[in-house]
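# Coordinates in review
Next come the chains, spelled out residue by residue.
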Amino acid sequence: MAGNEWINGYLEAILDSGAGSIEDQKPISVDLRERGHFNPTKYFVEEVVTGVDETDLHRTWIQVAATRNTRERSSRLENMCWRIWHLARKKKQLEWEDFQRLANRRWEWEQGRMDVTEDMSEDLSEGEKGDTVGEVIQCETPKKKFQRNSSNIEVWSDDNKGKRLYIVLISLHGLVRGENMELGRDSDTGGQVKYVVELARALAMMPGVYRVDLFTRQISSPDVDWSYGEPTEMLTLGSEDAEGNEIGESSGAYIVRIPFGPRDKYLSKELLWPYIQEFVDGALAHIFNMSKVLGEQIGRGQPVWPYVIHGHYADAGDSAALLSGALNVPMVLTGHSLGRNKLEQLLKQGRQSKEDINSTYKIMRRIEAEELSLDAAELVITSTKQEIVEQWGLYDGFDVKLEKILRARTRRRVNCHGRYMPRMVVIPPGMDFSSLVQEDMSEADAELTSLIGADGSSPRAVPPIWSEIMRFLANPHKPMILALSRPDPKKNITTLLKAFGECRPLRDLANLTLIMGNRDNIDEMSSGNANVLLTVLKLIDKYDLYGLVAYPKHHKQSDVPDIYRLAAKTKGVFINPALVEPFGLTLIEAAAHGLPMVATKNGGPVDIHQALNNGLLVDPHDQQAIADALLKLVAEKNLWHECRRNGWKNIHLFSWPEHCRTYLTRVAACRMRHPQWQTDTPMDDDMAVEESFGDSMDVQDMSLRLSVDGEKYSFNGSLEYDPAELEKVAAIKGDPVQDQVKRILSKIKKPTSDAHEDGGKKQPESVVSKYPVLRRRRRLFVIALDSYDSKGVADSKIFQAVREIFKAVRSDSQISRFSGFALSTAMPVHEAILFLKSGKIQVTEFDALICSSGSEVYYPGTYTEDVGKLCPDPDYTSHIDYRWGRDGLNKTIWRLMNSQEGRGNKSDKFSSSIEEDVKASNSHCISYLIKDPSKAKRVDDLRQKLRMRGLRCHPMYCRNSTRMQVVPLLASRSQALRYLFVRWGLKVANMYVFAGEAGDTDYEELISGIHRTVIMKGIVEKGSEEFVRTTGSYMKDDIVPRESPFITYVNSGATADQILKALKEVSKSSV
């Protein structure tokens, strides 16, 4: 309670009210009206002193202190005491729950490590067995650490000028623009916005970087400036090529604003979560188009895919993971601030329950996004080592010990059994030092004297902020101790003021300047900030520091460099006494202006001090240590000059060019991957003719399709055009496409009589095409109805729905033109084909089959083997292979699911709750039969345990909860649709998904995004959603928006006309 002056006054008020006279009376009565039995002093001593966070009672105390009526004052004091007692009891309860939760997590981590050790014990070295956190993160200067870690890494240099890379950065929330940034307008528009804009600019100027796109949200709201609604904003032109020539019209850095969510509303980051899938689809469309543009400019006609996709913060990390999977390119993550760390801090305060915190901050959705980002990221960039150990170390997906073991095994090319950990690297944020001028001290002294005069007057014009500061000071020539931070209790300003006030030599030698944000009226500030400012004013009065302490009310962002300059000209010192400082950007700014530093030893300043060696570190709780460090630097001029020189000498380590050089070096060391199609699709003459013909027919508004009643029409066959119809068109004299039609007819062979056999039989040669007809489709209607009976067998109700969908699409020439169908299911391909045959639906009605929960993609009519069996797309198989460890997953899942909490004998058949379904499994899908649903773990619980063991995958329950299927991390039915876009150019916005009111556990992400979704009521009676999440996790509303223009509904038993009406209605929604 030493730092809370109002508590001391509160105690005095209790004693003054006469509470002390009842100290020895009877125990407290439950009846509050029996005031004689109430002992507020005892409650205060026993309950408050144990550590209640009392800041929320400060305003109440002010009202109590101002109360004149004795009776009313006593009543208020009693109420305050009861509030404190309840807070204390609640805090103890939360502390106990927190202790149990952490104990359970520690047990899970240890169990996970034991499992990993068991699986890899046959070739663990002695060094790996003895790994500790201390061995992983050693105290080295950034320079030495970089040299050690990058001994086999080629440092990025001017030799890379010829590379011409395309880099994508993502920062979704807040207001992002290149000029006149509204930093501080709200909690979402802060340092991160400035960081990503400056990073984009700096990367674009690096050798070898052609274009940088910074993706953010497009906002067309009257509440914000019109500039945030502009689709594109140029930040800077590109650098020069290896010959020094200007390159490409598309080179440089750009802000690209993608519309997602409500178009006319500016939303806080907590409200953006349901619209993440929309952003991913919009960003994917931009990247796809840009890859073609860049291919024409610098790729010799081949698409230029992003070199890396870099997500900033949890929402952008979630998006980057999905984009990375859709494009098969590396992902990098910067967390900025982390959800688990915030949750821990809020729980420790004891003011909100976990449920309340989740409701307010959507904290569980944020944490899951960060976990997914860790799953997918090749590289995680942090500002400090403290962030790695104390913040990322809280996550299921990162274990410092296991990361070092896996890294060592990878270097020695030893099997890791499918386990992966992201690589964490410390790369401090960069700064722009181009405008700084390092002044000689003799010139600086002379300038200061001439500016402010020997007697403190101001004979010459000075920066306005100097005058604002100097009006507080009796002798502005004295060295200035400068502190610059918000008036937040965590910034520890009051301890600094006490250290200054109680050290007479320091007061005689120096002034103290406190830049504590901007304020108009203290009463209008938040209680925490107001409390700090009031305490500062009281301490200034208590120690009689008038004329020694400056605390201006206002300053502009542009004034900050002038404030540093003034402190440096007086041979002052910059101090950051925060209890914990995540990074400490102000320390770098101060060093750049020639100011030595005194800083907290907790957090990022440790790394900065190791790099700059320009000051002293102190314990922020030790008031005497703070005073001694300040006095030492102010009094010993040689030490002051040495620290100043060291800061200037090493400050380049924190420049943007140095940051980008390290960044590109680290990214280059990642496993590079990008879309590489094993089966090329060249535009040869014949295919070009067909494409040209299709385009021409579209322009002429001519249809070569027969009506729904026509028997000859093959809507989804490999033959795009019916020969008889083509002959009719060819016979038309003067038709501009007549020659093209004749050329196509010469290429077409007449189909044999058995051309319409089932997909399970060998297709006639005339129907089989080398390339899927999807590449000529402009719309795709995806049927994803997860209707199964209690045994997991597909329901026959699907057949009638499929027929009505076919009829609806084919009945409208505008919709059916160049349209195709796809089936998306959890069934393996052989079951899907048998199911279609049982309903007398030919498999060739579908252009694509997405089977086994998105682990395989088939194209009926293409990729067939000699025996007629459909063959999966080999490009898709390699596309989703990232971090897939089938054998390790199978072994670990069996252990986790067939024994209590992952313990016990896996051979104990009596505890078995699952059984592998070998027939339904494939190389990238492990399928299990659920034998005992009561023992089945929820998806988020199972994923947590797998992450703790270094295993990355996408587990899901399907087929009415009778199956569990485990597919690669970034594979799913929704990701398969994005693959079809990237692979065949079929826009996601032109896809229509038919789903039920429920489905498999991937249902939520399947119906999200900018594709149109038609939900058919009454078809799916029961899905698998009961296994999605445990209690206390994020909710469905955090994934799927409650209202979306891209989702429509049709009633049970909908006819073709009703379905067509719904399709036309949802087609009107704009992207």
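Residues numbered from 1 in each chain as written. Predicted model: local features only at pLDDT ≥ 70, side-chain atom pairs only at ≥ 80, totals over all residues. Heavy atoms only, no water.

Before going further, it helps to examine the overall build of the chain. A tally of helices and strands in the chain yields 38 helices and 25 strands. Counting all 1071 residues of the chain, 58% fall into the buried class. Sequence-distant contacts in the chain: of pairs separated by 6 or more residues, those separated by 24 or more amount to 73%. (Helix = DSSP H or I, 4+ residues; strand = E, 2+ residues; numbered from the N terminus. Buried < 20%, exposed > 50% of the residue type's maximum accessible area, 1.4 Å probe, protein only. Contact = heavy atoms within 4.5 Å.)

Quick look at the sheet that holds strand β1 (residues 165-170) now. Here we have eight strands laid out as an open sheet, ordered β3-β4-β2-β1-β5-β6-β7-β8, and mixed in their pairing. One side of each edge strand has no neighbouring strand; the edge strands of this open sheet are β3 (232-236) and β8 (423-426). Strand-to-strand twist in this sheet, taken as the mean axis angle between neighbours without regard to direction, amounts to 25°. Relative to β8, strand β7 (residues 379-382) is paired through four bridges, and the arrangement is parallel. Note that in β8 the partner of Val-380 across the bridge is Met-424. Packed onto the sheet, helix α9 (residues 276-298) meets β1, β2 (209-217) and β4 (252-258) and runs at close to 160° relative to β2. (Pairing = 2+ DSSP bridges. Axes fitted to C-alpha atoms, helices over the stretch in contact; angles between N-to-C directions.)

In this structure, Arg-340 sits in helix α11 (residues 339-349). If sequence neighbours within four positions are ignored, Arg-340 has contacts with Arg-105, Ile-367, Glu-370, Glu-371, Leu-394, Tyr-395 and Asp-396.

The next subject is the sheet that holds strand β16 (residues 819-824). Spatially, seven strands are ordered β18-β17-β16-β15-β23-β24-β25 in an open sheet, and the strand pairing comes out mixed. Each edge of the open sheet is held by one strand with a lone partner, namely β18 (856-858) and β25 (1047-1050). Ignoring which end each strand starts from, the neighbouring axes of this sheet average 20° apart. Pairing between strand β15 (residues 779-784) and strand β23 (residues 991-995): five bridges, direction parallel. Looking across to β23, one finds that Ile-783 is bridged to Phe-994. Packed on one face of the sheet, helix α38 (residues 1056-1067) meets β15, β23, β24 (1012-1016) and β25 and runs near 165° to β25.

The end-to-end C-alpha distance of helix α15 (residues 400-411) is 17 Å, a good match for the 16 Å that twelve residues give at a rise of 1.5 Å each. Where α15 begins, the side chain of Asp-399 points an oxygen toward the backbone nitrogen of Lys-401, at a separation of 3.0 Å. After α15 finishes, the residue Arg-413 shows a positive phi value of roughly 60°. (Expected span 1.5 Å × (residues − 1). Polar contact = N/O pair within 3.5 Å; in protein donor to acceptor, adjacent residues only side chain to side chain.)

Okay, the packing of helix α18 (residues 493-501) against helix α24 (residues 623-635) next. Where α18 meets α24, the closest approach of the two axes is 9 Å, and the angle between their N-to-C directions is 65°. Considering how the two elements wind past one another, α18 and α24 form a crossing that is right-handed. Contacts between α18 and α24 involve Thr-495, Leu-496, Lys-498 and Ala-499 on the former and, on the latter, Gln-623, Ile-626, Ala-627 and Leu-630. Here the contact of α18 with α24 is built from residues that sort into five nonpolar, two polar and one charged. (Left-handed = near helix turned anticlockwise from the far one by under 90°. Nonpolar A, V, L, I, M, F, W, Y, C, P; charged D, E, K, R; others polar.)

Within the chain, Arg-300 stands out as a residue other than glycine whose phi angle is a positive 55°. With a phi angle near 55°, His-417 is a residue other than glycine that sits in the positive phi range. Among the secondary structure elements, His-417 is positioned in the loop between α15 and β8.

Per the stated rule, a full pass over the model turns up 42 salt bridges. A salt bridge links Arg-673 to Glu-378; its shortest N-O distance comes to 3.3 Å. Residue Arg-673 is located in the loop between α26 (656-668) and α27 (685-699), and its partner Glu-378 is located in the loop between α13 (363-376) and β7; the two are separated by 295 residues in the primary sequence. Both residues of the pair, Arg-673 and Glu-378, count as buried. One salt bridge connects Asp-875 with Arg-983, and the closest N-O pair in it is separated by 3.3 Å. Taken together, the residues span a long stretch of sequence, with Asp-875 in helix α33 (residues 874-879) and Arg-983 in helix α36 (residues 973-984) at a distance of 108 residues. Here the two residues Asp-875 and Arg-983 agree in accessibility, since each one is buried. (Salt bridge = Lys/Arg side-chain N within 4 Å of Asp/Glu carboxyl O.)

Low pLDDT marks regions whose predicted coordinates should not be analysed in detail. Considering every residue of the chain, the mean pLDDT works out to 80; 75% of them sit at 70 or more. Here residues 41-54 is a poorly scored stretch, pLDDT under 50, and it has 33 contacts once near neighbours within four places are set aside; other chains count. Every residue in residues 126-151 is under pLDDT 50, and counting partners more than four places away or in other chains gives 38 contacts. (pLDDT = per-residue confidence, 0-100.)

Here the focus is the environment of Ser-1008. Take Ser-1008: it is sitting in the loop between α37 (1003-1006) and β24. Taking the C-alpha atoms as reference, Ser-1008 lies 8.6 Å from Ile-1047; in sequence the two are 39 residues apart. Among all residues touching Ser-1008, those that are not within four sequence positions of it are Gln-277, Ile-1039 and Val-1040. Of note is the side chain of Ser-1008, whose polar atom sits 3.4 Å from the backbone oxygen of Ile-1039.

This brings us to the packing of helix α8 (residues 191-204) against α26. Their axes nearest at 10 Å, the elements α8 and α26 cross at an angle of 75°. Taken as axis vectors, α8 and α26 run roughly perpendicular relative to one another. Of the residues in α26, those touching α8 at Tyr-195, Glu-198, Leu-199, Ala-202 and Leu-203 are Trp-656, His-659, Cys-660, Tyr-663 and Leu-664. Taken together, the residues that form the contact of α8 with α26 break down as eight nonpolar, one polar and one charged. (Parallel < 35°, antiparallel > 145°, perpendicular 65-115°, else oblique.)

Okay, α24 next. In this model, α24 (13 residues) spans 18 Å end to end at C-alpha, consistent with the 18 Å of a helix rising 1.5 Å per residue. Buried residues of α24: Ile-626, Ala-627, Ala-629, Leu-630, Leu-633 and Val-634, and no others. Taken around the axis of α24, the buried residues stretch over an arc of 165°, which confines them to a single face. Among the residues of α24, the N-terminal cap falls to Asp-622, whose side-chain oxygen and the backbone nitrogen of Gln-624 are separated by 3.2 Å. (Arc of directions from axis to C-beta.)

Tallied over the entire structure, the rule returns 16 aromatic pairs. Ring geometry for Phe-781 and Tyr-992: centres 4.9 Å apart, planes at 20°, overall stacked. Taken as a pair, Phe-781 in strand β15 and Tyr-992 in strand β23 lie far apart in primary sequence, 211 residues in all. The exposure classification of Phe-781 matches that of Tyr-992, with both residues buried. Taking 4.8 Å as the distance between ring centres and 65° as the angle between the ring planes, the aromatic pair formed by Tyr-876 and Tyr-979 counts as edge-to-face. Taken together, the residues Tyr-876 in helix α33 and Tyr-979 in helix α36 connect sequence positions 103 residues apart. Exposure remark for Tyr-876: the relative accessible area of 2% places this residue in the buried category. By the ring-pair criterion, three or more aromatic residues cluster together here, those being Phe-781, Phe-806, Phe-821, Phe-846 and Tyr-992. Just above the ring of Tyr-1034 sits the side chain of Arg-365; from NZ or CZ to the centre is 5.8 Å. (Phe/Tyr/Trp six-rings, centres within 6.5 Å; stacked < 30°, edge-to-face > 60°. Lys NZ or Arg CZ within 6 Å of the ring centre and 35° of its normal.)

Here the focus is the pairing of β24. For β24, the tally of buried residues reaches five of five residues, placing the bulk of the element in the interior. Going residue by residue along β24, you find Arg-1012, Val-1014 and Met-1016 tucked away on one face and Thr-1013 and Ile-1015 tucked away on the opposite face as well. Bridge count for β23 against β24 is four bridges, and the pairing is parallel. Across the sheet, residue Val-993 finds its bridge partner in β24, namely Thr-1013. Pairing analysis gives four bridges linking β24 to β25, with the strands arranged parallel.

Soluble globular proteins: nonpolar side chains tend toward being buried together. Ranked by size, the top nonpolar core spans 83 residues in total, and within it Ile-170, Phe-279 and Trp-392 carry the most contacts. In terms of residue count, the dominant contributor to this core is α9 (ten residues). A domain split of this core shows at least three residues from each of domain 2 (161-179 + 187-236 + 249-413) and domain 4 (781-873 + 969-1067). Other than its neighbours up to four places away in sequence, Trp-392 contacts Leu-333, Gly-335, Leu-338, Leu-374, Val-380, Thr-382, Glu-387, Phe-398 and Met-424. Core analysis: the next-biggest nonpolar cluster, separate from the first, contains 74 residues, Ile-515, Ala-591, Ala-592 and Val-618 among them. (Core = buried A, V, L, I, M, F, W, Y, C linked by side-chain atoms within 4.5 Å. Domains from an automatic or database assignment.)

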